[in-house]
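Here's the letter readout for the chains.
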Amino acid sequence: MADAVHLGSGKVRELYALDDERLLLVASDRISTFDVVLPTEIPDKGRVLTGLAAFWFARTRAITANHLLAVRADGRSTECRRLEMLPIECVVRGYLSGSGWKDYARTGEVCGHRLPAGLRESDRLPEPIFTPATKATSGHDENITGAQAAALVGAERFAEAERLSIALYRFAAAYALERGIIIADTKFEFGADRAGRLVLGDEALTPDSSRFWPADEYAPGGPQPSYDKQYVRDYCEKIGWGKTYPGPELPPDVVAGTRRRYVEAFERLTGLRFDDYLANPSVVLAG
Ligand code: Q0Z
């Protein structure tokens, strides 16, 4: 890390340049809720997310190339190929939630996809849909139509990003459902390598880039509990926090319960003991 150059900070991650071709992505233990980063960290959250993303990168190589080069021994840092990132977020929705539900309730459509009438909040969609969004520099990403996304990245790039995103979502959602986790929706980011080929980048299929729901509590017709952040949300509602900066400190039981949920998601999805990951993060790349 001595000569890594800091390139930028996300809400809960840091990005460094290692050289012209390689980046270092570092996942912190920070947690955000209602778009505010809380002052209390969740121990090992960054390691869980890093391990999960690496696990999915290793298991989706037959679907798409990805940027992962190595997971470092700290379990929270990954060395990545530097890409030319596309200026769109590649969102796939298998269930009707969040801005997708809001847009559907208002217009009957999500990002230009006309959906059957009479769907309820959190209903499973007949087929997963690709709902691209712009990368807002401040505030919230904005849903756009396929035509708008194609105008931003080119028709051919758009078609390939859509095909790969849907294939990745179908694979991961089916896999997770067998292990008790619904991946309601997820966001991918693609970039181009030096040869111009599309490569999956950023983090993928983590609870920070997706909505994870506990399958055994699934009850469409309203919002679903979050697999990972529900204790945090419940606590924030209980104390009447106004959901603006600064966020509240979390008490130890909320921290412990939330850490347990992250570790549980890791262990269910990977089939590995989280302690084994901590001892040797490369275990997520095997098999
Ligand atoms: C990812 C981000 C973070 C702040 C740029 N392989 C790549 N090549 C080029 N750029 C990126 C990647 Cl992953 C890239 N971000 C998102 C991550 C902190 C912003 F940790 N920005």
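Everything in this summary refers to the structure shown in the same document. What you are looking at is a predicted structure, and each value in this text was computed from that prediction instead of being measured. (Residues numbered from 1 in each chain as written. Predicted model: local features only at pLDDT ≥ 70, side-chain atom pairs only at ≥ 80, totals over all residues. Heavy atoms only, no water.)

We now examine the layout of surface pockets. Considered as a void within the structure, the second largest pocket measures approximately 180 Å³ in volume. Taken together, 14 residues form the lining of the second largest pocket, with Tyr-95, Arg-124, Pro-128, Tyr-169 and Ala-173 sitting closest to its centre. For the lining of the second largest pocket, the elements supplying multiple residues, two or more each, are β9 (88–95), β12 (124–130), α4 (155–178) and β15 (181–192). Of the residues that constitute the lining of the second largest pocket, the class distribution is ten nonpolar, one polar and three charged. (1 Å grid on protein atoms, 1.4 Å probe; cavity = no way out; pocket = protein on both sides within 12 Å on 5 of 7 lines; lining within 4 Å. Points joined across faces, edges and corners; volume = space filled by probe spheres on them. Helix = DSSP H or I, 4+ residues; strand = E, 2+ residues; numbered from the N terminus. Nonpolar A, V, L, I, M, F, W, Y, C, P; charged D, E, K, R; others polar.)

Relative to each other, helix α3 (residues 146–153) and α4 sit at 120 degrees, their axes nearing to 7 Å. Viewed along their axes, α3 and α4 adopt a mutual orientation that is oblique. Of the two possible hands of crossing, α3 and α4 adopt the one that is right-handed. Between α3 and α4, the contacting residues are Gly-146, Ala-149, Ala-150 and Val-153 on the first element and Ala-155, Arg-157 and Phe-158 on the second. Here the residues of the contact of α3 with α4 sort into five nonpolar, one polar and one charged. (Axes fitted to C-alpha atoms, helices over the stretch in contact; angles between N-to-C directions. Parallel < 35°, antiparallel > 145°, perpendicular 65-115°, else oblique. Left-handed = near helix turned anticlockwise from the far one by under 90°. Contact = heavy atoms within 4.5 Å.)

Another point: the site of the ligand. Taken together, the neighbourhood of the ligand is formed by 14 residues, with Arg-13, Leu-25, His-67, Arg-81 and Leu-83 sitting nearest. In this structure, Arg-81 approaches the ligand through a main-chain N or O atom, which is 2.8 Å from a nitrogen atom. For the ligand, whose unbound accessible area comes to 470 Å², protein coverage reaches 82%. Elements supplying a minimum of two residues to the shell around the ligand: β1 (5–9), β2 (13–17) and β3 (22–27). (Near = heavy atom within 4 Å. Polar contact = N/O pair within 3.5 Å; in protein donor to acceptor, adjacent residues only side chain to side chain. Areas by Shrake-Rupley, 256 points an atom, 1.4 Å probe, with all protein chains shown as cover.)

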